[in-house]
Amino acid sequence: MANLEIDHLSHAYGPKKVLNDVNLRVEAGQVLALVGPSGCGKSTLLRAVLGTHPPTSGSVCVGGKPMLRPSRDVGIVYQHYSLFDFLTARQNVAFGLKLDQTSTPFRLFNYPAWRKLRAEHLEQADALLKKVGLYAARDQYPSQMSGGMRQRVAIAQALIMQPRVLLLDEPFGALDEATREELQLMLLRLYEENVRARAEHREPPYTVIIVTHELNEALFVADRVVGLSQYHADGANGATIVYDRPAPIFKPDEPKDLSKFVKQKEELIEAVFSERHLKDHRKYVTFWSEHEKTAVEGAGV
Ligand SMILES: Nc1ncnc2c1ncn2[C@@H]1O[C@H](COP(=O)(O)OP(=O)(O)OP(=O)(O)O)[C@@H](O)[C@H]1O
Ligand SMILES: [Mg+2]
């Protein structure tokens, strides 16, 4: 069972058809970059996965269950941070667990148990802040942090709920180039944990869909790139997946060799962003066949 299964999904806002027969299967541990022309429906697709805007037709299943409303199985981080100004970094990160696991009567009338649980939550928050490189700033308030630091806290806040799928909608769009790069490296470090887990036959912990306008970023942080576009034969009915291919894998401590993806970037521009309709895009939708080929080669068959 895949972590996320999108089946024949279409979405319209009133008479405006936005998404047209989108099909996507995402396994645990994949980091998928979703790219496409502005306004093609990327955020709409994420909202369907989040469960806030179920599709007009078709289905979305997370962990085998239909997503009809938001649940802790799917987390999201937007371009603009959404932290509580009156809470420190660690309190912000621990906040979701507090809501999820306790109630006001429990906190009031069972104080010793709440204190113990609270300590556990803060410990988990600290562990996540370490992971996103922010442990030293754990007692700072959002107003004392830079934009990049706030986005790290927002990501830790989403990860503490251990979502089956983490959605990132242009998460680094408001950051300067250097900060953006640091956050990209942070994602590569999470991906390394996935690789390690897989090697030890454990379930990889992070499954991520990242929407980005930056094709270099998409190819750098993701292991798979999906292109959504209205530029296809049936585009009048909305955007669909016109590109789905593996992306090169980078290690966080490796020099960033941009030449690795120059060709693929050109291919993406042609397949996803070029307005010449009626092209046969199926040749660019090869992720699973490539994936299986690599798996077979990897197994030495
Ligand atoms: N609530 C809504 N009501 C009506 N139309 C909407 C609504 N939300 C989005 N749209 C329209 O649906 C289309 C897709 O919007 P969406 O925000 O999903 O695109 P996007 O790919 O995320 O764009 P961007 O790259 O600019 O973020 C756009 O034409 C937009 O105007
Ligand atoms: Mg959007």
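Look a little higher up for the structure.
These numbers were taken from a predicted model, which means no experiment stands behind them.

Attention now moves to the site of ligand 1. Taken together, the neighbourhood of ligand 1 is formed by 13 residues, with Ser-38, Gly-39, Lys-42, Ser-43 and Thr-44 sitting nearest. Taking Ser-38, its side chain carries an N or O atom lying 2.8 Å from an oxygen atom of ligand 1. Between ligand 1 and the protein, one listed contact pairs an oxygen atom with a backbone N or O atom of Gly-41 at 3.0 Å. Look at ligand 1: alone it shows 640 Å² of surface, and the protein chains cover 62% of it.

Turning our eyes to something else, we now look at the packing of aromatic side chains. Enumeration over the complete set of coordinates arrives at 6 aromatic pairs. Ring geometry for Tyr-243 against Tyr-284: centres 6.0 Å apart, planes inclined by 25°, an arrangement best described as stacked. Here the residue Tyr-243 occupies a position in strand β10 (residues 240–246), and Tyr-284 occupies one in the loop between α8 (262–273) and α9 (287–298), the gap between them amounting to 41 residues. According to the relative accessible area criterion, Tyr-243 is buried, its value standing at 0%.

Moving on, we get to the sheet that holds β10. With mixed pairing, 6 strands are arranged side by side in an open sheet as β6-β7-β8-β3-β9-β10. Lying at the two open borders of the sheet, with one neighbouring strand each, are β6 (74–77) and β10. Put simply, the sheet's adjacent strands are angled 20° from each other on average, direction ignored. As judged from the 4 bridges shared by strand β3 (residues 31–35) and strand β8 (residues 208–211), these two strands associate in the parallel manner. Within the sheet, the bridge partner assigned to Leu-34 lies in β8 and is Val-211.

In this section: helix α6 (residues 177–199). With 23 residues, α6 ought to run about 33 Å at 1.5 Å a step, and its terminal C-alpha atoms sit 33 Å apart, in line with that. Taken together, the buried positions of α6 are Thr-179, Arg-180, Leu-183, Gln-184, Met-186, Leu-187, Leu-188, Leu-190, Tyr-191, Asn-194 and Ala-197. Close packing links the buried residues of α6 with β3, α4 (111–131), α5 (147–159), β7 (165–169), β8 and α7 (215–221). A side-chain oxygen of the first residue of α6 lies 3.2 Å from the backbone nitrogen of Ala-178; this N-cap is Asp-176. Two residues or fewer after α6 comes His-201, characterised by a positive phi angle close to 60°.

All right, on to α5 then. For α5, spanning 13 residues, the distance from its first C-alpha to its last is 18 Å, which sits close to the expected 18 Å at 1.5 Å a residue. For α5, a buried count of 11 out of 13 residues is recorded, marking the element as mostly surrounded by other parts of the structure. Listed in full, the buried residues belonging to α5 are Gly-148, Arg-150, Gln-151, Arg-152, Val-153, Ala-154, Ile-155, Ala-156, Gln-157, Ala-158 and Leu-159. Summarising the contacts, the buried residues of α5 are in contact with β6, α2 (89–101), α4, β7 and α6.

So, on to the pairing of β8. Side chains Val-208 and Ile-210 of β8 all project onto a buried face; the interleaved residues Ile-209 and Val-211 project onto the opposite face, where all are buried too. Here β7 runs beside β8; their pairing, made up of 4 bridges, is parallel. Each bridged residue has a counterpart across the sheet, and for Asp-169 the counterpart in β8 is Val-211. Taken together, β7, α6 and β8 constitute a β-α-β crossover, and its handedness is right-handed.

As a further point, take unusual backbone geometry. Within the chain, His-8 stands out as a residue other than glycine whose phi angle is a positive 45°. Here His-8 is to be found in strand β1 (residues 4–13). Under the relative-accessibility criterion, His-8 is labelled partly exposed at 47%. Backbone geometry places Gln-162, a non-glycine residue, at a positive phi of 50°. A relative accessible area of 65% means that Gln-162 is categorised as exposed.

On to the layout of surface pockets. Of the voids in this model, the largest pocket is the one considered here, and its volume is about 520 Å³. Broken down by secondary-structure element, the contributors of at least two residues to the lining of the largest pocket are β6, α2 and α5. Classifying every residue of the lining of the largest pocket by side-chain character gives 13 nonpolar, 7 polar and 2 charged.

Together, Glu-5, Asp-7, Asp-21 and Asp-234 give the surface a local cluster of negative charge. Structurally, Asp-234 can be placed in the loop between β9 (224–229) and β10. On the accessibility criterion, Asp-234 (37% relative accessible area) is partly exposed.

Here 4 strands make up an open sheet; going across it, the order is β2-β1-β4-β5 and the pairing antiparallel. Of all strands in the sheet, those with a lone pairing partner are β2 (16–26) and β5 (65–66), marking the two edges. With 5 bridges connecting them, β1 and strand β4 (residues 57–62) associate as antiparallel partners. Note on β4: the bridge partner recorded for Asp-7 is Ser-59.

Reading the values: the criteria
- Residues numbered from 1 in each chain as written.
- Chains lettered and ligands numbered in written order.
- Predicted model: local features only at pLDDT ≥ 70, side-chain atom pairs only at ≥ 80, totals over all residues.
- Heavy atoms only, no water.
- Near = heavy atom within 4 Å.
- Polar contact = N/O pair within 3.5 Å; in protein donor to acceptor, adjacent residues only side chain to side chain.
- Areas by Shrake-Rupley, 256 points an atom, 1.4 Å probe, with all protein chains shown as cover.
- Phe/Tyr/Trp six-rings, centres within 6.5 Å; stacked < 30°, edge-to-face > 60°.
- Helix = DSSP H or I, 4+ residues; strand = E, 2+ residues; numbered from the N terminus.
- Buried < 20%, exposed > 50% of the residue type's maximum accessible area, 1.4 Å probe, protein only.
- Pairing = 2+ DSSP bridges.
- Axes fitted to C-alpha atoms, helices over the stretch in contact; angles between N-to-C directions.
- Expected span 1.5 Å × (residues − 1).
- Contact = heavy atoms within 4.5 Å.
- Right-handed = clockwise from strand over helix to strand, strands pointing away.
- 1 Å grid on protein atoms, 1.4 Å probe; cavity = no way out; pocket = protein on both sides within 12 Å on 5 of 7 lines; lining within 4 Å.
- Points joined across faces, edges and corners; volume = space filled by probe spheres on them.
- Nonpolar A, V, L, I, M, F, W, Y, C, P; charged D, E, K, R; others polar.
- Patch = residues over 30% accessible without salt bridge, like charges linked within 9 Å, V, L, I, M, F, W, Y side chains within 5 Å.
- Salt bridge = Lys/Arg side-chain N within 4 Å of Asp/Glu carboxyl O.
- Lys, Arg positive; Asp, Glu negative; His and termini not counted.
- Charge placed at Lys NZ, Arg CZ, Asp CG, Glu CD.

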